[in-house]
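Residues per chain, in single letters:
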Amino acid sequence: MSDPGTSQAVKAKSTQGANKYLTFVLGEEQYGIEILKVREIIGVMEITVVPHTPSFIKGVINLRGRVIPIIDLRLKFEMGSRDYDERTCIIVVDVHGGSILVGMVVDSVSEVLNVVAKDIEPPPSFGSRLGDSTSILGMAKVNSEVTILVDVDKVVGKGIDLQFSEH
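Residues numbered from 1 in each chain as written. Predicted model: local features only at pLDDT ≥ 70, side-chain atom pairs only at ≥ 80, totals over all residues. Heavy atoms only, no water.

Asker: Give me the overall build of the protein chain: which residues, what numbers.
Answerer: Within the protein chain, the regular secondary structure consists of 3 helices and 11 strands. Residues classed as buried in the protein chain amount to 41% of the 167 residues present. Of the contacts made within the protein chain by residues no fewer than 6 positions apart, 54% connect residues no fewer than 24 positions apart. Accessible area of the protein chain: about 9600 Å², with a carbon and sulfur share of 51%. (Helix = DSSP H or I, 4+ residues; strand = E, 2+ residues; numbered from the N terminus. Buried < 20%, exposed > 50% of the residue type's maximum accessible area, 1.4 Å probe, protein only. Contact = heavy atoms within 4.5 Å. Areas by Shrake-Rupley, 256 points an atom, 1.4 Å probe, with all protein chains shown as cover.)

Asker: I'd love a proper account of the environment of tyrosine 21, names of residues and values included.
Answerer: Residue position: tyrosine 21 is located in strand β1 (residues 18–26). Separated by 129 residues in the primary sequence, tyrosine 21 and valine 150 have C-alpha atoms spaced 9.8 Å apart. Leave out the neighbours within four places in its chain, and tyrosine 21 touches Gly32, Ile33, Glu34, Ile35, Glu111, Val112, Leu113, Val115, Ile120 and Leu149.

Asker: So what about the sheet that holds strand β8 (residues 108–116)? Which residues, and what values?
Answerer: On the basis of which strands lie adjacent, the open sheet formed by 6 strands has the order β8-β1-β2-β11-β10-β9 and mixed pairing. At either margin of the open sheet sits one strand with a lone partner, and together these are β8 and β9 (120–121). In this structure, β1 lies alongside β8, joined through 7 bridges in antiparallel fashion. Bridge pairing in β8 links lysine 20 to asparagine 114. (Pairing = 2+ DSSP bridges.)

Here's what the structure looks like:
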């Protein structure tokens, strides 16, 4: 028979467990994505433009023999474009259960944060730059700052999955 005090302690720990998020910057705001979605972080490389794609899709890159689509998150979030510099990065993420890799261009990558569930507020119900507030997992309160936690699968959307998954 298990100790009731121990099972309550384990239960409390699992509900308050911390998740890790890779944080990055777009403009003046900090965003976070689940670290388990991140495959790698690379510098900006030559991007091949693909005609007849939405403006936020910059094109594709050849990453070690694998062609992956590149999304500019500034354009996806309707923030306006900016010239790429030495801090600009591409975060390569697994989308829709690993069925496709997508590169997301961000202004810079910051750090990996441990965020405890109790420090995450629900997303706002009003509109957002993400175009759809369901793309926001929550608002993490860390060190007196707010980090917007985004759902990569919803940000990328099913359209890109259908367009590029057969490549």
